[in-house]
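Inside the fold
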Amino acid sequence: MPFINRLGTRGQRIAWGVVLILMSLAPLVSTEFRLSLLAKFLALAILAIGLDLIWGYGGVLSLGHGVFFGLGAYAMAMYLKLQASGSALPDFMVWNSVTELPWFWAIFRSFPAAFLLGILLPGLLAFLLGLFTFRNRITGVYFTILTQALVMIMVTLFVGKQEWTGGTNGLTGYHHIFGMELHRPSTTIILYYVTLLILVLSYVLCKRVVRSRFGQVLEAARDGENRVRFLGYDPAWYKTMAFTLSGALAGLAGMLFVLQVGIISPSMMGIVPSIEMVLWVALGGRGTLVGAMIGAVVLNAAKTGISEAYPEGWLFVMGGLFVAIVLFMPKGLVGVYHSITGMWVRKGGVPDGKSVRKRKHKQATS
């Protein structure tokens, strides 16, 4: 049976309720800086959920989610930059001798337009990429290499078009949204709760998707694509739709990330960040959704802590984690948890749900 985390027992529901309450109370006990960091981790957890949807349930490994994340982040940053510039041109355009605002920049003066494009652009790119690759049955390592090539192309494009994107420096220098200062304590709290709410909604959406008929076919295609095709389903369509949703969630995460951090540059959508995103899901446990969230928060918190103490040490830790996960934790932290609880159940510590149902059935029929 596929390894899937299920939130069916009363104890698990209570545990989730406690976690949500604690997360809701975080602004009362955290400093403004730490709360902003936590909100950033939660935004990245949204991306991890989307990546787990296509990798954990669809069996398609993407190393290009940095592009989808970057497109969403740039969409929000363009809106904020235009608001900060007022009627004048953004400063980096003036430095590059641009005399008129490009037409595609003008679209982002409207927040609803910027928000929708931050979701639609990465979703559309993911749809087109998935449509042409999955239709031609390009999967496995070939698809992974293709997504990595996409990252290199997009990063080169964003760096080269300095007059439009800010080049290697990216977009920064914006401090307000809806008249509120981004770095005021009250704004930080509001953005934290908005990010937490969107994370919960994203998780619920993806959970409903994987439990639906669509999710069942997607998992079946992961385990045996030819069988699904012989049963009359089109695996390419299911993978394309899952990839589209995954890209859209990455774009949404990018927009929330910009609001927390205040900068986006091509380096944040490059190959190394895309590999780190895969590591989040692998550490937490792919094919679980909840594991993806845990992995994103834990690894980014560890990265921040290690980088503060040893700025050069994080790359060594990341490499060591890759090796450790592959060798010792193929199912991630959630897999370790289930292995430990399974051993406890087998040794008679606590009866599992299946054994309890069998016992009740036996008592009812006797």
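Our subject is the structure listed above.
Summary of the structure given here. These figures come from a predicted structure and were not determined experimentally.

1. Here we look at the overall build of the protein
Tallying secondary structure elements over the protein gives 18 helices and two strands in all. Against the 2.2 N^0.38 benchmark of 21 Å for 366 residues, the protein shows a C-alpha radius of gyration of 22 Å, consistent with a compact globule. When its C-alpha atoms are laid out on the principal axes, the protein stretches across 85 × 55 × 40 Å. With 366 residues in all, the protein has 46% of them scored as buried. Long-range contacts, defined here as pairs at least 24 residues apart, represent 78% of the contacts in the protein between residues at least 6 apart. Accessible surface, the protein as shown: approximately 18600 Å² in total, 67% of it carbon and sulfur. Of the charged side chains in the protein, 30 are positive and 14 negative; the average position of the first set lies 18 Å away from that of the second.

2. Concerning helix α14 (residues 271–284)
A rise of 1.5 Å per residue sets the reference length of α14, with its 14 residues, at 20 Å; its end C-alpha atoms lie 21 Å apart and thus fit the reference within 8%. Counting buried residues along α14, 11 of its 14 residues qualify, which places the element largely inside the surrounding structure. Among all positions in α14, only P273, S274, E276, M277, V278, L279, W280, V281, A282, L283 and G284 are buried. A positive phi of about 125 degrees marks G285, the residue just after α14.

3. Things to note about the environment of L42
Counting through the fold element by element, L42 comes out in helix α3 (residues 32–55). Under the relative-accessibility criterion, L42 is labelled buried at 3%. Remark: the alpha-carbon pair of L42 and G335, spanning 293 residues in sequence, is separated by 22 Å. Contact partners of L42, with chain neighbours within four places excluded, come to M23, Y192, T195, L196, L199 and V297.

4. Digging into helix α4 (residues 65–85)
The end-to-end C-alpha distance of α4, which contains 21 residues, comes to 30 Å, matching closely the 30 Å that a straight helix rising 1.5 Å per residue would cover. Where burial is concerned, most of α4 is hidden: 19 out of the 21 residues are buried. Where α4 terminates, the next one or two residues include G86, which has phi positive at roughly 70 degrees.

5. A look at the environment of G262
Inspection of the secondary structure puts G262 in the loop between α13 (235–261) and α14. Residues G262 and E312 lie 50 residues apart in sequence; the distance between their C-alpha atoms is 24 Å. Apart from the residues lying within four places of it in its own chain, the contact partners of G262 are L171, T172, Y174 and F257.

6. Digging into the packing of α4 against α13
It is at 7 Å that the axes of α4 and α13 come closest, and there the two elements cross at 45 degrees. Looking at the two axes, α4 sits oblique to α13. Handedness of the crossing formed by α4 with α13: right-handed. Listed contacts from α13 to H65, F68, F69, G72, A73, M76, A77 and L80 of α4 are F243, S246, G247, A250, G251, A253, G254, M255, F257, V258 and L259. Each residue belonging to the contact of α4 with α13 can be placed in one class, and the counts come to 13 nonpolar, six polar and no charged.

7. With respect to the packing of aromatic side chains
Under the definition given, this model contains 15 aromatic pairs. On the numbers, 5.8 Å between centres and 50 degrees between planes, the contact of F92 with W105 is tilted. Residue F92 is located in helix α5 (residues 91–95), and its partner W105 is located in helix α6 (residues 103–106); the two are separated by 13 residues in the primary sequence. Note on F92: relative accessible area 6%, which makes it buried. Aromatic rings pair up to connect F68, F134, F143 and F243 into one cluster. Its end group placed over the ring of W164, K161 keeps NZ or CZ at 4.8 Å from the ring centre.

8. Some details on the pattern of salt bridges
Per the stated rule, a full pass over the model turns up seven salt bridges. A salt bridge links E276 to K303; the shortest N-O distance between them is 3.1 Å. Within this pair, whereas E276 is found in helix α14, its partner K303 is found in helix α15 (residues 290–309), the two being separated by 27 residues in sequence. Accessibility expressed as a relative area gives 8% for E276, which makes it buried. The partly exposed category is assigned to K303, whose relative accessible area is 26%. Here the salt bridges do not stand alone but share partners, grouping E219, R222 and D223 into one network.

9. Notes on a nonpolar patch on the surface
Together, F322, V323, V326, L327 and F328 line one region of the surface with nonpolar side chains, adding up to about 530 Å² of accessible area. Counting through the fold element by element, V323 comes out in helix α16 (residues 314–328). Assessed through its relative accessible area of 48%, V323 is described here as partly exposed.

10. Focus: the side chain of T195
Here T195 lies in helix α10 (residues 185–211). Overall, T195 belongs to the buried group, its relative accessible area being 0%. The residues touching T195, leaving out its near neighbours within four places in the chain, are A39, L42, A43, I46, L256 and Q260.

Cut-off values and rules
Residues numbered from 1 in each chain as written. Predicted model: local features only at pLDDT ≥ 70, side-chain atom pairs only at ≥ 80, totals over all residues. Heavy atoms only, no water. Helix = DSSP H or I, 4+ residues; strand = E, 2+ residues; numbered from the N terminus. Rg over C-alpha atoms; globule rule 2.2 N^0.38 Å. Buried < 20%, exposed > 50% of the residue type's maximum accessible area, 1.4 Å probe, protein only. Contact = heavy atoms within 4.5 Å. Areas by Shrake-Rupley, 256 points an atom, 1.4 Å probe, with all protein chains shown as cover. Lys, Arg positive; Asp, Glu negative; His and termini not counted. Charge placed at Lys NZ, Arg CZ, Asp CG, Glu CD. Expected span 1.5 Å × (residues − 1). Axes fitted to C-alpha atoms, helices over the stretch in contact; angles between N-to-C directions. Parallel < 35°, antiparallel > 145°, perpendicular 65-115°, else oblique. Left-handed = near helix turned anticlockwise from the far one by under 90°. Nonpolar A, V, L, I, M, F, W, Y, C, P; charged D, E, K, R; others polar. Phe/Tyr/Trp six-rings, centres within 6.5 Å; stacked < 30°, edge-to-face > 60°. Lys NZ or Arg CZ within 6 Å of the ring centre and 35° of its normal. Salt bridge = Lys/Arg side-chain N within 4 Å of Asp/Glu carboxyl O. Patch = residues over 30% accessible without salt bridge, like charges linked within 9 Å, V, L, I, M, F, W, Y side chains within 5 Å.

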